[in-house]
Amino acid sequence: MSELVGLYALWYREFKVFLREKSRILASIVNPLIWLVAYGGGLGAAISFGEVGYQAFIFPGVIMLTTLFTSIFFGLYIVLDKRLDFFKEVLIAPLSRMTIFVGKMLGGCTDAMLQALILICLGPFFGITYTPYSLGVLVIFILFIAAGTTSLGLTIGSQLNSFEGFGLIQSFVILPLFFLSGALYPLNNLPDWLFIITRINPLTYIVDGMRGALLGNPTFPLYVDLGVAVVFVLVLIAAGSIAFKKMKS
Amino acid sequence: MIGEDPLMIIKVEKLTKKYKDLTAVDHVDLTIEEGEIFGLLGPNGAGKTTLLNMLATLIPPTEGVAYVNGYDTIKDPANVRKSIGMVFQAPSSDDILTGYENLYLHSLMFGVPKEQRKKRIAEVLKLVELEDRANQRVKTYSGGMRRRLELARGLLHKPKILLLDEPTLGLDPQTRGHIWEYIEKLAREERVTVIITTHYMEEAETLCDRVAIIDHGRIIALDSPENLKMKLGKSMIRAKIKDPKLDLIKGLNYVTKVEEKDGEVMIMLNDGGSHIQEILCNLGEASFVELREPTLNDVFLQLTGKEIREESAEGEIERYARANGR
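Residues numbered from 1 in each chain as written. Chains lettered and ligands numbered in written order. Predicted model: local features only at pLDDT ≥ 70, side-chain atom pairs only at ≥ 80, totals over all residues. Heavy atoms only, no water.

Colleague: Is there a simple way to think about the packing of helix α2 (residues 22-44) of chain A against helix α6 (residues 97-122) of chain A in this case?
Modeller: Two quantities define a packed helix pair, namely the angle between the helix axes and the distance between the axes. All names here are of chain A. Between α2 and α6, the shortest axis-to-axis distance is 10 Å and the interhelical angle comes to 45°. Taken as axis vectors, α2 and α6 run oblique relative to one another. Between α2 and α6 lies a crossing whose hand is right-handed. Along the contact surface, α2 presents Arg24, Ile25, Ser28, Ile29, Pro32 and Leu33, while α6 presents Asp111, Gln115, Ile118, Leu119 and Leu122. (Axes fitted to C-alpha atoms, helices over the stretch in contact; angles between N-to-C directions. Helix = DSSP H or I, 4+ residues; strand = E, 2+ residues; numbered from the N terminus. Parallel < 35°, antiparallel > 145°, perpendicular 65-115°, else oblique. Left-handed = near helix turned anticlockwise from the far one by under 90°. Contact = heavy atoms within 4.5 Å.)

Okay, structure coming up:
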């Protein structure tokens, strides 16, 4: 019981902080809009896939990108928490490390979901139409990305002691995950090397699942996309809770 | 529980923390009684914070054991954590939240029963006189107010032991005096045992019932501030003398100790006022004379051959500033 109350406290803190940092929310909305309007609009003037406009085509990928950035950096933020004495106040509470990890993770998921919801509302401007089914599938996949990548960020952040590695994480984790996922291009007719890499990247299946639900014509059946997403999340949650147990205070 | 001595709320045996090439805490033995205000005094890097963090279960010891409120810090950290409240060196409250919210979150994390939360928060806010600022964000607080909030937070779950790591670091003298008043009030009214690390002599002298002087991870002296000073003598004379005749002085029966260093003579004696005339006559021509009671700084100087430099906390102050400017 007390662990659950503690979990609520940790989540509540992240939620409150998120609501108060309005500049962060604004920035996280403007970034995907630039992708959709400038990049999607520019390239979309030249190409389209059947009846599907390019902006609509990259829409699920851009939601994923936003969630990916928000979640990973939310997790990495723990490096700053650790350097200030603020996080010690949490570590000294009579709560298990697992509770602390899950509380942080749920907090990060909530932030990411709220941002994604704003983007979802903007979907119709980019040629997206929703059905209750497609909306449901979309939200489930976003939840999977948020939970998985927040855990990934927390796992890395709990083992780092400074911000020096942040640039590396952007170059070697976030951008490859995004660009090699089929977020910006169709998954068929790829050169062999790219074909192989996209099939290894778990985010490929998540984008495919979202796009399939919104626009039809998925590359993989839904159960494959969902299956990969579930494994992706479970593995990273496990990694995160182990990393938190081992984290030095 | 330890059983043998129920009054000892803290018991530490051969507690040691080694890092790669540094022994931060070196086989420390210590017992602290319930209700005491106990000071850990020493220069920066002496191992005070490391010792405190081991008591708080934040870092595991390399060797030795510590019992806090009867619970083993290694085997039973959850119960230790329930027994302690801690105020950290750097600000640890969330500046984006209000004072009330910080306290509320703490009450949730530390398992304060639901029906007591509001009442406890109101009580501690009153104790540190922050009631009228409770609903403003911590960002708008001064350094001293933030410290008071963190003190209040440390008390929220009614801990039996309060661990304070340099509680007045970086505060101006007036605010420091205020914080001391609060700490004394807490020890009296809430009957908590207080363990405080400091490198401010005055803090240790005015606040603490007993003081352990720590250097290089070892306790080199432990007693009440009065007794520690008494060991040097009731008073001391510091003088600059050309060609001092020390042999004569050493023979006087009320002189306990004589030292010469860098052209300065230090004389410890049982009663300074009535003998200063005689000493100066015998000593030689003085260009400077000071008669005073010994301070803990003199004790430290005697024990280690160096002074605790009060302004040497640069690293920590920078840390403090950084944390504040977030």
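So that's the structure; there's more coming.
Colleague: Explain the pairing of strand β9 (residues 210-215) of chain B here, please?
Modeller: Side chains on a regular strand alternate between the two faces of the sheet. Residues and elements named next belong to chain B. In terms of residue burial, β9 counts as a mostly covered element, since five of its six residues are buried. One ladder, built from four bridges, connects strand β3 (residues 37-41) with β9; its direction is parallel. Paired with phenylalanine 38 across the bridge in β9 is arginine 210. Relative to strand β10 (residues 218-223), β9 runs antiparallel, the two sharing five bridges. Looking across to β10, one finds that aspartate 215 is bridged to arginine 218. Linking β9 back to β10 in an antiparallel pair, the connection comprises two residues, with histidine 216 at a positive phi of about 50°. (Buried < 20%, exposed > 50% of the residue type's maximum accessible area, 1.4 Å probe, protein only. Pairing = 2+ DSSP bridges.)

Colleague: What is the right way to look at the domain arrangement of chain B in this model?
Modeller: For an interface, size is often stated in terms of accessible area lost upon the parts coming together. Once the domains are mapped, chain B shows domain 1 (8-228) and domain 2 (233-293). Placing the centre of domain 1 of chain B and that of domain 2 of chain B at their C-alpha centroids yields a distance of 41 Å. (Domains from an automatic or database assignment.)

Colleague: Would you take a moment to explain the side chain of A:Asp81 for this structure?
Modeller: Residues and elements named next belong to chain A. Among the secondary structure elements, aspartate 81 is positioned in helix α4 (residues 78-83). Aspartate 81 sits in the buried class, given a relative accessible area of 1%. Leave out the neighbours within four places in its chain, and aspartate 81 touches Arg13, Phe86, Phe87 and Lys104.

Colleague: Got a minute to help me understand the pairing of strand β6 (residues 84-87) of chain B in this structure?
Modeller: Residue and element names in this part refer to chain B. On β6, burial covers both faces: Ile84 and Met86 on one face and Gly85 and Val87 on the other are all buried. Alignment of β6 against strand β7 (residues 161-165), held across four bridges, turns out to be parallel. Along β7, the bridge assignment pairs glycine 85 with leucine 162.

Colleague: Looking at this structure, I do not really get the nonpolar core. What am I missing?
Modeller: For soluble globular proteins, the rule of thumb is that nonpolar side chains tend to be buried together. In terms of nonpolar packing, the biggest core is built from 102 residues, with B:Ile10, B:Leu163 and B:Ile195 touching the most fellow members. With 12 residues, helix α3 (residues 54-76) of chain A is the largest single contributor of residues to this core. In terms of nonpolar packing, the next biggest core, distinct from the first, is built from 46 residues, B:Leu41, B:Val138, B:Ala152 and B:Ala187 among them. (Core = buried A, V, L, I, M, F, W, Y, C linked by side-chain atoms within 4.5 Å.)

Colleague: Quick question: what am I supposed to make of the pattern of salt bridges here?
Modeller: Pairing is possible between side chains of opposite charge, provided their charged atoms come close. On inspection of all chains with the given rule, the structure shows 25 salt bridges over all chains. Linking A:Arg20 and B:Glu101 is a salt bridge whose minimum nitrogen-to-oxygen distance equals 2.8 Å. Here B:Glu101 lies in helix α3 (residues 99-109) and A:Arg20 lies in helix α1 (residues 2-20), a pairing that spans two chains. In this structure, A:Arg20 and B:Glu101 share a single accessibility class: buried. (Salt bridge = Lys/Arg side-chain N within 4 Å of Asp/Glu carboxyl O.)

Colleague: Would you mind going over the sheet that holds β3(B) with me for this structure?
Modeller: Neighbouring strands of a sheet are bound in pairs by backbone hydrogen bonds; such pairs are parallel or else antiparallel. Residues and elements named next belong to chain B. Across the sheet, which stays open at both edges, the six strands sit in the order β6-β7-β8-β3-β9-β10 with mixed pairing between neighbours. A strand with exactly one partner marks an edge of an open sheet, and here the two such strands are β6 and β10. The mean angle between the axes of side-by-side strands here comes to 15°, regardless of whether they run parallel or antiparallel. Pairing between β3 and strand β8 (residues 193-198): five bridges, direction parallel. Bridge assignment links isoleucine 37 to a residue of β8, and that residue is valine 194. Strands in contact with helix α5 (residues 143-155) are β6 and β7; relative to β6, the strand with the most contacts, it is inclined by about 170°. The strands touched by helix α11 (residues 296-304) are β3, β9 and β10; relative to β9, the strand with the most contacts, the crossing angle is about 40°.

Colleague: Help me understand empty space enclosed by the protein in this model?
Modeller: Remark: the empty space left among the atoms is shown by a probe the size of a water molecule rolled over them. Enumeration over the complete set of coordinates arrives at three cavities of 30 Å³ or more. Estimates place the volume of the largest cavity at around 140 Å³. Of all the secondary structure elements, the ones that give two or more residues to the lining of the largest cavity are α1 and α5 (86-91) of chain A together with α3 of chain B. Residue classes in the lining of the largest cavity are distributed as seven nonpolar, three polar and six charged. Estimated volume of the second largest cavity: approximately 40 Å³. Around the second largest cavity sit A:Glu89, A:Ile92, B:Ile84, B:Gly85, B:Met86, B:His106, B:Phe110 and B:His157, which together line it. With three residues, the top contributor of residues to the lining of the second largest cavity is β6(B). The residue inventory of the lining of the second largest cavity, partitioned by class, reads four nonpolar, three polar and one charged. (1 Å grid on protein atoms, 1.4 Å probe; cavity = no way out; pocket = protein on both sides within 12 Å on 5 of 7 lines; lining within 4 Å. Points joined across faces, edges and corners; volume = space filled by probe spheres on them. Nonpolar A, V, L, I, M, F, W, Y, C, P; charged D, E, K, R; others polar.)

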